[in-house]
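Chain by chain, the residues:
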Amino acid sequence: MNIESGARAGVRPARDLEKLLHEIDGRGYPAYKDVKGAYDFGRFVLVIDHVQGDPFAAPSRLRLLLTPSSMGLPPWACSTDLRCIATADWLVRRFARALDERRRRPPVSMPASSSPRPVSEGGAGNGRPWYGSGKSGLIDIDRPGQQILPSTAAVVTPARVELRFVAGLPAAGRRILGRQAAAMLASEIPALVNRSLVLGSRDLSDLETHIFTVEDQEALRAALAAHRLIAFVADGSILPRESGISDRPRRGPNVVPFTAPDSLAVTLDTPHGGPVRGLGIPAGVTLIVGGGYHGKSTLLRSLALGIYNHVPGDGRERVVTDPTAVKIRAEDGRRVEQVDISPFIRNLPFGADTRRFSTEEASGSTSQAANIVEALELGARVLLIDEDTSATNFMIRDRRMQALISKDREPITPFIDRVRSLWEDRGVSSVIVVGGAGDYLDVADTVIHMDHYRPLDATAAAREVAARFVTGRLQEDPQPFPVLLPRRPVPESVDPRRGSRVKIKARGVDEIAFGFEEIDLAAVEQIVHPGQTRAIGAMIQYLAEHYLDGRTPLREALEKLMAEIKERGLDILSPHGSPVGDLALPRLFEVGAAINRLRSLSVRVGPA
Ligand code: ADP
Ligand code: MG
């Protein structure tokens, strides 16, 4: 087969692998190291990149190398970069489904083992369909969620396809189960390939749907700016999720599909789905109002994730948002390093300089201010804010509080007094969920009323109410939004080493251990996949090594890194040698958010 020339050279026949595995049967686990290498199975090449040190360690890393023609994958599947990404995602999902199947129905023809101890938690639970110690028998691939992200689990180019997965090489205690390993690698894997990666015409029509869905989303997102919109929610979209811990669509008779009111409806064109009607959220200041439990936060959350493409059937595959939209919230306790929060906060007790505000432990309001300014610094043109997760005193100070506490005793200029200048002077739009603070009606361009999960246009009604019930609020501090000075990270302050070893470890979507630090990402809500967290950890290290020099502004360094990844792929992040299969691409904003939360970060502010 026509695998890229470099890899070809060391490829051995598949029967060598089988032979080797039988030879080491019964020996100590380290003898598995001998199977490292590449093996030709005809339809594909199996590469064993990394062999785990023992059955309990992180599983071994393997790759399948195929050609599109050997899989029956037509040229249209990878005729553009976007299609290659969509196809890679689709292949990973297929392979993962075949693995689920394997988990449910363990292979019956497994050779009798040399009396391995049954492991109670094995079987159905961990993708380990038969006995053995540690991770014996596991085969798994980094599974995508509801979003379609560029990832390293599969790499697809017009000439080749590569799937990366992990396997637990079987052992009884620490003794190699060579025959099981041979069955797993030399029979099960080819069967999995045949089942999931050799494609028939029905499969190809499913792939086409996958690709077309992605292309339609990209087209909708690309159409926003020309229509002066910052988001679009198609009619029929299903926004609520199965549960607080599941990102799948909710189903059942009580789910209300989205329908745009006529006055806010727009129709956008898609290349495959034709014209699509839906709610267009105009640039400017938009409020989402409505009674409690009427779907406000669910809509905002869908907008926050509209920066990503979603799988067919997700319910949000026609919900798209300006790619620079950043979800903002209060995040007390976070660290802040020299951020200019003076547009929102000035004259703190003890004269802390809020043009270069630093703290080890921000309050609700200072954290929310820093989150906004950092997002602006990185180029956000849309802010998404939910009253539920905001600091009240950051959002609003009403007439009575203005009367009781005079402005010279209140450091905070609330968001309500900045949101218009953000839009008018800087072109930054805001979408704000407001259930309680009616003063906001004065500053809105558009008001969407969520009523029993149905959006209504309340813009005119809101104007009328605003005119009828004058709040008497005084506009506070009507100065223009200041020019933000670039922050230039000091590379030595971004150091993943713990002693002599580099230590970067992502935990779920919420945390990265980085050197001696823990980066808390729980409030960075637009990270959707652990692969992104892993990539962020690696990207920060890469950034420090290649792009930070104490003079380059954070944004510029991040833009260069993102450009290099776009050009060369996420594999530049793979730690020396063999490529890993568990990275997914984050946005520049989320990488920046992680750096900004690094407790060791030190920046120089202002001109270089
Ligand atoms: P709010 O922010 O207005 O208080 P939420 O967005 O938190 O309301 O929604 C309240 C509940 O209603 C949640 O359980 C959510 O999943 C559910 N929900 C949201 N939108 C819909 C919908 N379109 N159909 C059915 N249930 C929905
Ligand atoms: Mg809410």
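Since the structure is predicted, the reported quantities are computational estimates derived from the model, not experimental observations.

**Student:** Any chance you could break down the layout of surface pockets for me, citing the residues and the numbers?
**Tutor:** To find leftover empty space, a probe the size of one water molecule is rolled over the atoms. Approximately 1,400 Å³ is the volume attributed to the second largest pocket. Lining the second largest pocket are 40 residues, and of these R61, R534, P575, V580 and D582 lie nearest its centre. Contributing elements (two or more residues each) for the lining of the second largest pocket: β3 (45-50), β4 (60-66), β8 (161-167), β28 (501-502), β29 (504-507) and α13 (530-546). No other element matches the seven residues that α13 contributes to the lining of the second largest pocket. The residues that make up the lining of the second largest pocket include at least three from each of domain 1 (12-199) and domain 3 (487-605).

**Student:** Quick one: what's the story with the site of ligand 1, residue by residue and with numbers?
**Tutor:** Surveying the vicinity of ligand 1 reveals 14 residues, the closest of which are R250, V256, Y293, K296 and T298. Within the backbone of H294, a nitrogen or oxygen atom sits 3.2 Å from an oxygen atom of ligand 1. Between G295 and ligand 1, the recorded distance is 3.1 Å, taken from a backbone N or O atom to an oxygen atom. Grouping the amino acids of the shell around ligand 1 by side-chain chemistry returns five nonpolar, seven polar and two charged.

**Student:** Give me the side chain of S196: which residues, what numbers.
**Tutor:** Its place among the elements puts S196 in helix α5 (residues 178-196). Of note is the side chain of S196, whose polar atom sits 2.7 Å from the backbone oxygen of L192. Excluding its chain neighbours within four sequence positions, the residues that come into contact with S196 are R94, F95 and A98.

**Student:** With reference to specific residues and values, describe the sheet that holds strand β15 (residues 274-282).
**Tutor:** Strand order in the open sheet formed by four strands is β14-β15-β11-β18, and the pairing between neighbours is antiparallel. Whereas interior strands pair on both sides, the edge strands pair on one side only; in this sheet they are β14 (265-270) and β18 (319-321). For this sheet the average axis-to-axis angle between neighbouring strands, irrespective of direction, equals 35°. Of the pairings in the sheet, the one linking strand β11 (residues 229-234) to β18 comprises three bridges and is antiparallel in character. Paired with F232 across the two strands is V320, which belongs to β18. Against the sheet, helix α6 (residues 201-223) engages β11, β14 and β18, with an angle of about 130° to β14.

**Student:** Kindly report on the pattern of salt bridges, identifying the contributing residues and their values.
**Tutor:** What the rule picks out here adds up to 45 salt bridges. Salt-bridge contacts for D235 lead to R277; the nearest nitrogen and oxygen are separated by 2.5 Å. Placement of D235 in the loop between β11 and β12 (241-243) and of R277 in strand β15 is noted, with a sequence separation of 42 residues between them. Residue class for R277 comes out partly exposed when judged on its relative accessible area of 27%. Of the charged contacts, one joins E377 and R487 as a salt bridge, the two residues approaching to 3.0 Å between their closest N and O atoms. Within this pair, whereas E377 is found in helix α8 (residues 364-377), its partner R487 is found in strand β26 (residues 487-489), the two being separated by 110 residues in sequence. It is possible to trace a salt-bridge network through shared partners that takes in D49, R63, R160, E162, R164 and D571.

**Student:** Talk me through the domain arrangement of the chain; I want residue IDs and the actual numbers.
**Tutor:** Here the domain parsing of the chain yields domain 1 (12-199), domain 2 (213-484) and domain 3 (487-605). A C-alpha centroid distance of 27 Å is found between domain 2 and domain 3. Opposite the 28 residues of domain 2 that make contact, domain 3 presents 24 residues. A buried area of about 2,300 Å², summed over both sides, lies between domain 2 and domain 3, and 46% of it is on carbon and sulfur atoms.

**Student:** Tell me what's going on with the environment of L585, and back it up with residues and numbers.
**Tutor:** Checked against the element boundaries, L585 lands in the loop between α14 (554-568) and α15 (588-597). With a relative accessible area of 22%, L585 lands in the partly exposed category. For the pair L585 and G173, spaced 412 residues apart in the sequence, the C-alpha separation amounts to 38 Å. Those residues in contact with L585 that lie beyond four places of it in its chain are L149, P150, Q532, M562, I565 and L570.

**Student:** Tell me what's going on with empty space enclosed by the protein, and back it up with residues and numbers.
**Tutor:** Counted by the stated rule, this structure contains one cavity of 30 Å³ or more. Along the wall of the largest cavity there are 19 residues; nearest its centre are V326, K327, N371, A593 and R597. Those elements that provide at least two residues to the lining of the largest cavity are β19 (325-328), α8 and α15. Element by element, the count of residues in the lining of the largest cavity is highest for α15, at five residues. Grouping the amino acids of the lining of the largest cavity by side-chain chemistry returns eight nonpolar, three polar and eight charged.

**Student:** Could you give an account of the pairing of β8, naming the residues involved and the relevant values?
**Tutor:** Of all seven residues making up β8, six are buried, and the element is well covered by its neighbours. Pairing geometry for β4 and β8, over seven bridges, is antiparallel. Paired with L65 across the two strands is E162, which belongs to β8. Across two bridges, strand β5 (residues 139-140) lies against β8 in antiparallel orientation. Bridge pairing in β8 places I139 opposite A167. In this sheet, β8 lies alongside strand β7 (residues 154-156) in antiparallel orientation, the contact comprising three bridges.

**Student:** Can you explain the coordination of the magnesium ion (ligand 2)? Please cite residues and give values.
**Tutor:** Taken together, the protein ligands of the magnesium ion (ligand 2) are S297 (OG) and D388 (OD), with distances of 2.1 to 2.2 Å. Residue S297 is found in helix α7 (residues 296-305), and its partner D388 is found in the loop between β22 (382-386) and α9 (392-395); the two are separated by 91 residues along the sequence. We classify S297 as partly exposed; its relative accessible area is 29%. The exposure class of D388 is exposed, given its relative accessible area of 60%.

**Student:** Lay out the confidence of the model for the chain with the relevant residues and their values.
**Tutor:** This prediction gives the chain a mean pLDDT of 93; 94% of its residues lie at or above 70. Low pLDDT, under 50, characterises residues 1-7; the stretch is placed with 16 contacts to residues that sit more than four places away or in other chains. Taken together, the stretch residues 108-128 has pLDDT below 50 and engages in 43 contacts with residues farther than four places along the chain or on a different chain.

**Student:** How would you sum up the packing of helix α4 (residues 81-104) against α5? Please name residues and give values.
**Tutor:** The contact between α4 and α5 brings their axes to 9 Å, and the two run at 125°. Classed by the angle they form, the pair α4 and α5 counts as oblique. Between α4 and α5 lies a crossing whose hand is right-handed. In this structure, α4 contributes R94, F95, A98, L99, E101 and R102 to the contact, and α5 contributes M184, E188, L192, R195 and S196. Across the contact of α4 with α5, the residue classes break down as five nonpolar, one polar and five charged.

**Student:** Give a detailed account of the environment of P496, specifying residues and quantitative values.
**Tutor:** Secondary-structure assignment places P496 in the loop between β26 and β27 (497-498). Residue classification places P496 among the buried residues on the basis of a relative accessible area of 8%. The spacing of P496 and A538 is 42 residues in sequence and 9.3 Å in space, taken between C-alpha atoms. In this view, P496 contacts R501, V502, K503, I504, F514, G515 and Q541; residues no more than four positions away in its chain are not counted.

What counts and how
- Residues numbered from 1 in each chain as written.
- Chains lettered and ligands numbered in written order.
- Predicted model: local features only at pLDDT ≥ 70, side-chain atom pairs only at ≥ 80, totals over all residues.
- Heavy atoms only, no water.
- 1 Å grid on protein atoms, 1.4 Å probe; cavity = no way out; pocket = protein on both sides within 12 Å on 5 of 7 lines; lining within 4 Å.
- Points joined across faces, edges and corners; volume = space filled by probe spheres on them.
- Helix = DSSP H or I, 4+ residues; strand = E, 2+ residues; numbered from the N terminus.
- Domains from an automatic or database assignment.
- Near = heavy atom within 4 Å.
- Polar contact = N/O pair within 3.5 Å; in protein donor to acceptor, adjacent residues only side chain to side chain.
- Nonpolar A, V, L, I, M, F, W, Y, C, P; charged D, E, K, R; others polar.
- Contact = heavy atoms within 4.5 Å.
- Pairing = 2+ DSSP bridges.
- Axes fitted to C-alpha atoms, helices over the stretch in contact; angles between N-to-C directions.
- Salt bridge = Lys/Arg side-chain N within 4 Å of Asp/Glu carboxyl O.
- Buried < 20%, exposed > 50% of the residue type's maximum accessible area, 1.4 Å probe, protein only.
- Buried area = accessible area lost by both parts, 1.4 Å probe.
- Donors = N, O, S within 2.8 Å, 3.2 Å for Na, K, Ca; no water.
- pLDDT = per-residue confidence, 0-100.
- Parallel < 35°, antiparallel > 145°, perpendicular 65-115°, else oblique.
- Left-handed = near helix turned anticlockwise from the far one by under 90°.

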